[in-house]
Amino acid sequence: MRDSAAEIRKGVRAAAPSIEGGPRLSNRARERIAGYLFVAPDAIGLLIFVGGPMILSLSLGFFSVSGFGEYAFVGLDNYRRMIADPLFWRSLEVTILYVVALVPSLYVVGLGLALLVQTNSRFNTVMRSLLFMPQTVSLVVVGLVWQVLLVDKIGLFNQFGAALNLQSISWLGDPRFALFTVIGISVWFLMGFYMLIFLGGLQDIPREYYEAARIDGAGPVQSFLKITLPLLQPTSFFVLLVSTVAAVCGSQTFDLIYIMTKGGPANSTSLAIFYIYQQAFLFNEYGYAAAMASVLVVVLMAITVLLFMLTRGGRFTYG
Amino acid sequence: MVENANERRAARASRRAVLAGGVATAAITGFPYISRGFAAQTLKFWQFYGPGGGVATQDKWFVDVAKSWNDSHEVKVELVYVPNNAYMDGTKLPTAFASGSGPDLFIISPGDFLRYYNGGVLLDLTPFMEQAARDDFFPSVIANRMVDGKIYGLPYEVEPMAMYYSVDAFNEIGLTDKDVPKTWDELLSVAKKLTNAKRYGVLFETSPGYYQNFTWYPFLWEAGGDFQTKEGKSAFNSPATVQALKFWQDSINMAVAPRKPLGGGAWDSVPNIGSGYCAMQNVGIWAIAQLREGAPDFKYGVFRLPTPPGGKYLTIGGGWAFVANARGSNPKAAGEFCAWALGSPKDGSSQRIIDWCTKAKSDMPPTKSALEGGKAAFENGFLKVFTDEIYPGARAEPRMPPPVYKAISDAIQSVQLNGQSPEQAAAAASDQIDAFLSGYKGAPIL
Amino acid sequence: MAEIASKAAFSADDADDRRRLQMVRLVLYVVSSALAFMTVAPLFYMLSMSLKQTNEVFGTNLVPHHPTLDNFVYVFTQVDFIRFLWNTFFVSAVVTVIALIFHSMAGYALARLRFPGRDAIFLAMFATFLISQPVIIVPLFILARTLHLLDSYAGLIVPSIFNAFGIFLLRQFYLGIPRELEEAALIDGAGYFRIWRSIILPLSRPILSALAILFFLANWNSFLWPLTIISNQDLWMVQVAIANFHQQYNGSWNYIMAASTVVALPTIVMFVIFQKRIVESIKTSGVK
């Protein structure tokens, strides 16, 4: 650790040019220019490749689109239709259920796993790789493998249940269980991702704090509550926000539903993002789909802004 | 200072939005086509068979057809291969059409017909065909691609649904091919006998989608039901609907059918009946080819769909068709190609269809001349069962506007998997269908 | 946690504590191993299915009755799979490198530099995170076509670089870095670009390693965008190629599983290489 500090100081000195004749611009101006230049590539790229298409897509919410080149301006008709559409409301219900169950689970599991494997050792290297492995396979594999494990009667889970004299449950085919099964599989699939994020975040916490706490006689639980959790706030905020957004409109969420249940059985896993896809690509109702997508964006934006205000722009002060 | 930066950004953003909007509009309204007066010399034909497709015989058929046309015509056909599930469920086709660059030639299933027809994309192929050629198609098969007596698509195959059974499973409980169920009740009771700790008696589709609806319709029809009355109102709220819905509900409630199939779905025979997961499976003619390749040692038999008390035998025939893009780069040549390929016996269409249905795939032919001409093959093996017993009585897959499809799909799902009463589900779906039909101005549903 | 447990060894009752320490460590090992095993166990099925023959693929047995390498042979001989692997690797690597550079610059500016409109720009960038790809795919396709990006590596690479997730994460990270280092450099007269390159980048190694894994993985397994803009089979990426094994009425699950096993390997390797860097901390004492 000492060497890296020296390294950094060396780097600092190397970075400092020799200045003669004083700077041409004021420090504030330099900072401002640097700010814009640094942000420029991403800002321009995002604007062209995401922002533009996004605005175009969402503005389709005010049109009726045939999918073959006809655009008819219909004002708020799509939104009125949305309000009267029971399938839309049902899809919102399912989405809320999904988010409320998934986000805390991912948080707890991700953090738990990260804590478990945070120290560097050969054993932990292996453990981390194994825990991350679900992320490395494509969702097609995930879908197929879990289908075989969960299938009625002869799947491994049901065989196990039969040995315990339990009745066979159709984990993915029963409207009572399907959504929770999908949530469980999502946790299995995504936990490596959040474990990784938390591993990074745990590194931000200087070891000295733990040393000091130990000297003061604190046990592991107290260290966790008084040091780890508070200092993990930035990471926690990030994880909660990202997982919520991903759960509502993420590609992986959509892919899992598409591969495993196609919104069934009996619409019990018809998430909002899936219903939007159906309307857009199966029913060719691009305008209607765009209107629904806009609603989702607005809701997520509201949640984001709220969280940002609560945490003063995502900055946290260390105690 | 802050205002200026924001203003600049906002101005930049709005300029970009306008530019992007303009570009998009231009593209959508046909800008890439340069000028309509200049008809293209190459037709792009999007399909999921080849070149580079996974089934060599099907790949070859398409390549041969394109080559044969190209050798004798000025305007060339270029095959563009799109992987199958990307073509069917994906975004590739809708995106291409929505952005104004749809293909000149492509294939569609009956379920898609109305979407493309109502969008004004399908070219009328009738002028390119002789009357004899038009009459050559079985009326029930071509009906779902016709509007007002005009033909908008030419099918190259008919894929009827049937029931398959495992010979070994039957023998286990002392049944032979004479004991195949002929009525719905018989099917359920045989299924019960076949169900044990490791196996289900029968398999119907349970995943929501166009395919599930497709496999359920024949049961509705057998019970005497239908979708639309002659006056154009919903006919869905009927005892026939209730009976058909209940049949599937019973199979689940009696635990003789699983709630979830293996593999890709109930259309996939090798993982289901082929692996012993179920003893009988409701699947189409394509399972012959599937089982031949994937489970060559599996012994099975085929029988036609059982009937309800007082009902008539009927089955459903799916199958894809060639269509021409009326807004493509050279619609006239595209129409000629479709007619030449499939709708012109004097140009070899019959032989082409025979080759497709007997060599590239195992399917039933859509034309009388092909059925006659390929007699030798169609009277062979399992195809014989189809030719003699199953195909006669096949009604074409209906073309559904999506809201009607969804109403029926929801009814099937809630009755089959969620225990809803069939009467309620039928009534609810029928109301939705009526609500839609009252504002519908497109081609009639069949 | 193991560290805290180990420090607990230095108390009065040495023998007792050493035993307690060993117990705790043992429990942790057992728990970790059990969790890791349960996590990986379903993937044994992937391997198993890839080694089975077509008629057995959906059998419930984990060990194939007639194991065969035919599926792997087919995947590499019937299709130009090596080429697809190369395409995917090239695209993923290029996107990852460029994205890390751009996002690190943007994240640093948004976290550290003061300029008017900064927070508004950040929120606007974050807003792009709230939309999912299928919704914007049609205008994006039109845009790509207008820019002549169809059927090209550029079309695969350029749109995939811009994603607000990385910017967001890096900004979070940079918010937490102590200012002293930069302030020292500023006093010495260093330019912001040099500060970024010589101080910030090295400090962000852990987080950049994590992002390298995640970006590479996301691009390696991407399906929808490559499918939409590429028609030329020479430019296919692996997930499109794998989907291609699935014909109209033929699942070919054994080939899909074999191909997927092959495809999973590089990302596992990436992970093993980079994951150690994530938990290396170069935070030093005396700096905070």
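Sequence positions are assigned chain by chain, starting from 1 and proceeding in written order. To label them, take the chains in the order written and letter them from A, then take the ligands in the order written and number them from 1. Since the coordinates come from a predicted model, pLDDT governs what is reported: local features require at least 70, and pairs of side-chain atoms require 80 or more to be given and counted, while whole-chain, interface and lining totals use all residues. By convention in this description, side-chain values take in all heavy atoms of the structure and omit both hydrogens and water.

### Let's talk about the overall build of chain C
Then step 1. Strands here mean DSSP runs of E at least two residues long; helices mean DSSP runs of H or I at least four residues long; both are numbered from the N terminus. The number of helices and strands found in chain C is 14 helices and zero strands.
Then step 2. Beginning at the N terminus, the succession of helices and strands in chain C can be written as α-α-α-α-α-α-α-α-α-α-α-α-α-α.
Then step 3. Each radius of gyration is computed over the set of C-alpha atoms, and the globule rule expresses the reference value as 2.2 Å times the number of residues to the power 0.38. For 288 residues, the compact-globule formula gives about 19 Å, and the C-alpha radius of gyration of chain C, at 24 Å, lies well above that figure.
Then step 4. Taking the principal axes of its C-alpha atoms as reference, chain C extends roughly 65 × 65 × 30 Å.
Then step 5. Each residue's exposure class comes from its accessible area (1.4 Å probe, protein chains only) as a fraction of the maximum for that residue type: buried when under 20%, exposed when over 50%, partly exposed otherwise. Across the 288 residues that make up chain C, the buried fraction comes to 59%.

### Looking at the overall build of chain A
Then step 1. Looking only at helices and strands, chain A features 14 helices and two strands.
Then step 2. Across the 319 residues in chain A, those meeting the buried criterion constitute 56%.
Then step 3. Only heavy atoms matter for contacts: two residues are in contact if any of them lie within 4.5 Å across the pair. The long-range share in chain A, meaning contacts at least 24 apart out of those at least 6 apart in sequence, stands at 65%.
Then step 4. Looking at chain A as shown, the accessible area adds up to about 13500 Å², and 66% of this sits on carbon and sulfur atoms. Accessible areas in this description were obtained via Shrake-Rupley with a 1.4 Å probe; residue shielding takes into account the shown protein chains only.

### Regarding the nonpolar core
Then step 1. Among the buried residues, those of types Ala, Val, Leu, Ile, Met, Phe, Trp, Tyr and Cys that are joined through side-chain atoms within 4.5 Å form a nonpolar core. Within the largest apolar cluster, 353 residues are counted, with the highest numbers of intra-cluster contacts made by B:Phe106, B:Tyr164, B:Met280, B:Phe322, C:Phe81 and C:Phe165.
Then step 2. If you tally residues by element for this core, the top one is helix α8 (residues 178–202) of chain A, at 17 residues.

### What to know about the interface of chain B and chain C
Then step 1. Facing the 44 residues of chain B at the interface are 31 residues of chain C.
Then step 2. For any pair of parts, buried area is found by adding up, for both, the accessible area (1.4 Å probe) each one loses once the two are put together. A combined buried area of about 3100 Å² lies between chain B and chain C, and 62% of that area is made up of carbon and sulfur atoms.
Then step 3. Each polar contact in these results corresponds to two N or O atoms within 3.5 Å; when the atoms are within protein, one needs to be able to donate a hydrogen and the other to accept it, and residues that are neighboring in sequence are counted only if both atoms are side-chain atoms. On the surface where chain B and chain C come into contact, there are 10 residue pairs in polar contact (both at pLDDT 80 or more).
Then step 4. Elements supplying a minimum of two residues to the side of chain B that touches chain C: α1 (2–28), α3 (84–89), α4 (92–98) and α12 (287–294) of chain B.
Then step 5. No other element matches α1(B), which puts eight residues into the side of chain B that touches chain C.
Then step 6. When grouped by side-chain class, the residues that make up the side of chain B that touches chain C number 23 nonpolar, 15 polar and six charged. All residues other than Ala, Val, Leu, Ile, Met, Phe, Trp, Tyr, Cys, Pro, Asp, Glu, Lys and Arg, Gly among them, are scored as polar; the first ten of these are nonpolar and the last four charged.

### Concerning the side chain of B:Lys92
Then step 1. Relative to the assigned elements, B:Lys92 resides in helix α4.
Then step 2. Of note is the side chain of B:Lys92, whose polar atom sits 3.5 Å from the backbone oxygen of C:Thr228.

### Notes on helix α13 (residues 272–282) of chain A
Residues and elements named next belong to chain A.
Then step 1. Counting buried positions along α13 yields 11 of 11 residues, so the element is predominantly enclosed.
Then step 2. Of all the residues in α13, the buried ones are Ala272, Ile273, Phe274, Tyr275, Ile276, Tyr277, Gln278, Gln279, Ala280, Phe281 and Leu282.
Then step 3. Positive phi appears at Asn284, one or two residues downstream of α13, with a value of about 60 degrees.

### What about the environment of A:Val221?
Residue and element names in this part refer to chain A.
Then step 1. Of note, Val221 is situated in helix α10 (residues 220–231).
Then step 2. Val221 gets classed as exposed once you look at its relative accessible area, which sits at 59%.
Then step 3. C-alpha of Val221 to C-alpha of Gly201: the two residues are 20 residues apart in sequence and 19 Å apart in space.

### Description of the interface of chain A and chain C
In many reports, interface size means the accessible area that the parts give up when they come together.
Then step 1. Taken together, the contact between chain A and chain C spans 104 residues of the former and 113 residues of the latter.
Then step 2. Summing the contributions of chain A and of chain C, the shared interface buries around 9900 Å²; its carbon and sulfur component is 76%.
Then step 3. It is A:Glu31, A:Phe38 and A:Phe49 that lose the most area in chain A upon contact with chain C, and together they represent 8% of the buried surface on that side.
Then step 4. Salt bridges are identified by distance alone: a Lys or Arg side-chain nitrogen within 4 Å of an Asp or Glu carboxyl oxygen. For the pair chain A and chain C, the interface holds one salt bridge.
Then step 5. A:Glu31 is paired through a salt bridge with C:Arg114; the nearest N and O atoms lie 3.0 Å apart.
Then step 6. Linking chain A with chain C are seven residue pairs in polar contact (both at pLDDT 80 or more), by the criterion used here.
Then step 7. Take the side of chain A that touches chain C: its biggest share by element is 23 residues, from helix α2 (residues 27–59) of chain A.
Then step 8. Class assignment of the residues belonging to the side of chain A that touches chain C gives a composition of 70 nonpolar, 23 polar and 11 charged.

### Points about the pattern of salt bridges
When charged atoms on two side chains of opposite charge get close, those side chains can pair.
Then step 1. Following the criterion strictly, the structure yields 29 salt bridges over all chains and no others.
Then step 2. Across the pair A:Arg176 and A:Asp174 runs a salt bridge whose closest N-O atoms are separated by 2.8 Å.
Then step 3. For A:Arg176, a relative accessible area of 61% corresponds to the exposed category.
Then step 4. A relative accessible area of 7% places A:Asp174 in the buried class.
Then step 5. The partner of B:Asp177 in a salt bridge is B:Lys178, with the nearest N and O atoms 3.7 Å apart.
Then step 6. According to the relative accessible area criterion, B:Asp177 is partly exposed, its value standing at 47%.
Then step 7. Each of B:Glu157, B:Glu159, B:Lys361 and B:Asp363 takes part in salt bridges that share partners, so that together they form one network.

### Section: the sheet that holds strand β12 (residues 321–324) of chain B
Residue and element names in this part refer to chain B.
Then step 1. By this definition, two strands are paired if DSSP reports at least two bridges between them. Spatially, the five strands line up as an open sheet ordered β2-β1-β3-β12-β6, and their pairing is mixed. Only two strands of the sheet have a single neighbouring strand rather than two, namely β2 (76–81) and β6 (154–155).
Then step 2. Alignment of strand β3 (residues 105–108) against β12, held across four bridges, turns out to be antiparallel. Along β12, the bridge assignment pairs Ile108 with Ala321.
Then step 3. Axes, fitted as lines to C-alpha atoms, cover a helix only where it is in contact. Angles between the N-to-C directions of the axes lie from 0 to 180 degrees. On top of the sheet, helix α13 (residues 331–342) reaches β1 (42–47), β2, β3, β6 and β12; it is set at about 160 degrees to β12, its chief contact.

### Let's talk about the packing of α2(A) against helix α14 (residues 286–310) of chain A
Residue and element names in this part refer to chain A.
Then step 1. Running from N to C, α2 and α14 cross one another at 120 degrees; their axes reach a closest spacing of 7 Å. Relative to α14, α2 is oriented oblique. Along the contact surface, α2 presents Met54, Ser57 and Leu58, while α14 presents Ala290, Ala293, Ser294 and Val297.
Then step 2. For the contact of α2 with α14, a count of residues per class yields five nonpolar, two polar and no charged. Working rule for angles: under 35 degrees goes down as roughly parallel, over 145 as roughly antiparallel, 65 to 115 as roughly perpendicular, anything else as oblique.

### Considering the environment of A:Val295
All names here are of chain A.
Then step 1. One can find Val295 in helix α14.
Then step 2. Residue classification places Val295 among the partly exposed residues on the basis of a relative accessible area of 25%.
Then step 3. Not counting the four nearest positions on each side in its chain, Val295 is found in contact with Tyr79, Met82 and Phe88.

### Things to note about the packing of aromatic side chains
Then step 1. Each Phe, Tyr or Trp ring, with Trp reduced to its six-membered ring, pairs with another whose centre is within 6.5 Å; inter-plane angles below 30 degrees give stacked pairs, above 60 give edge-to-face pairs, and intermediate values give tilted ones. The full count for this structure, using the stated rule, is 103 aromatic pairs over all chains.
Then step 2. Ring centres of A:Phe254 and A:Tyr258 lie 5.8 Å apart, and the angle between their planes is 25 degrees; this geometry places the pair in the stacked category. Linking A:Phe254 with A:Tyr258, this pair stays in helix α12 (residues 251–260), spanning four residues, or about one helical turn.
Then step 3. Seen in terms of ring centroids, C:Tyr74 and C:Phe245 are 6.3 Å apart; in terms of plane orientation they differ by 50 degrees. Their pairing is tilted. Of this pair, C:Tyr74 sits in helix α3 (residues 70–77) while C:Phe245 sits in the loop between α13 (238–244) and α14 (253–278); the two residues are 171 residues apart in sequence, bridging distant segments of the chain.
Then step 4. When the ring centre of A:Tyr258 is taken as origin, the NZ or CZ atom of A:Lys262, which lies over that ring, is 4.4 Å away.
Then step 5. In this analysis the charged atom, NZ for Lys or CZ for Arg, is taken to sit over a ring once it is within 6 Å of the ring centre and within 35 degrees of the ring normal. A cation over a ring is seen here: B:Arg395 above B:Trp221, with NZ or CZ 3.9 Å from the ring centre.

### What to know about a nonpolar patch on the surface
Residue and element names in this part refer to chain C.
Then step 1. To count toward a patch, a residue needs a relative accessible area above 30% and no salt bridge. Like charges then connect within 9 Å, nonpolar side chains (Val, Leu, Ile, Met, Phe, Trp, Tyr) within 5 Å. Where nonpolar side chains cluster on the molecular surface, the patch consists of Phe37, Met38, Phe44, Leu62 and Val63 and spans about 510 Å² of accessible area.
Then step 2. With respect to the element layout, Phe44 can be found in helix α2 (residues 14–50).
Then step 3. What makes Phe44 partly exposed here is its relative accessible area of 37%.

### Observations regarding the confidence of the model for chain C
Residue and element names in this part refer to chain C.
Then step 1. Here pLDDT means the predictor's own confidence in every residue, given as a number from 0 to 100. The pLDDT averaged across chain C works out to 86; a share of 92% of its residues lies at or above 70.
Then step 2. Mean pLDDT across the secondary structure elements of chain C bottoms out at helix α1 (residues 2–7), with 55, and peaks at helix α4 (residues 81–112), with 95.
Then step 3. Low pLDDT, under 50, characterises residues 281–288; the stretch is placed with 18 contacts to residues that sit more than four places away or in other chains.
Then step 4. Across the whole predicted complex the pTM is 0.87, and at the interface the ipTM reaches 0.86.

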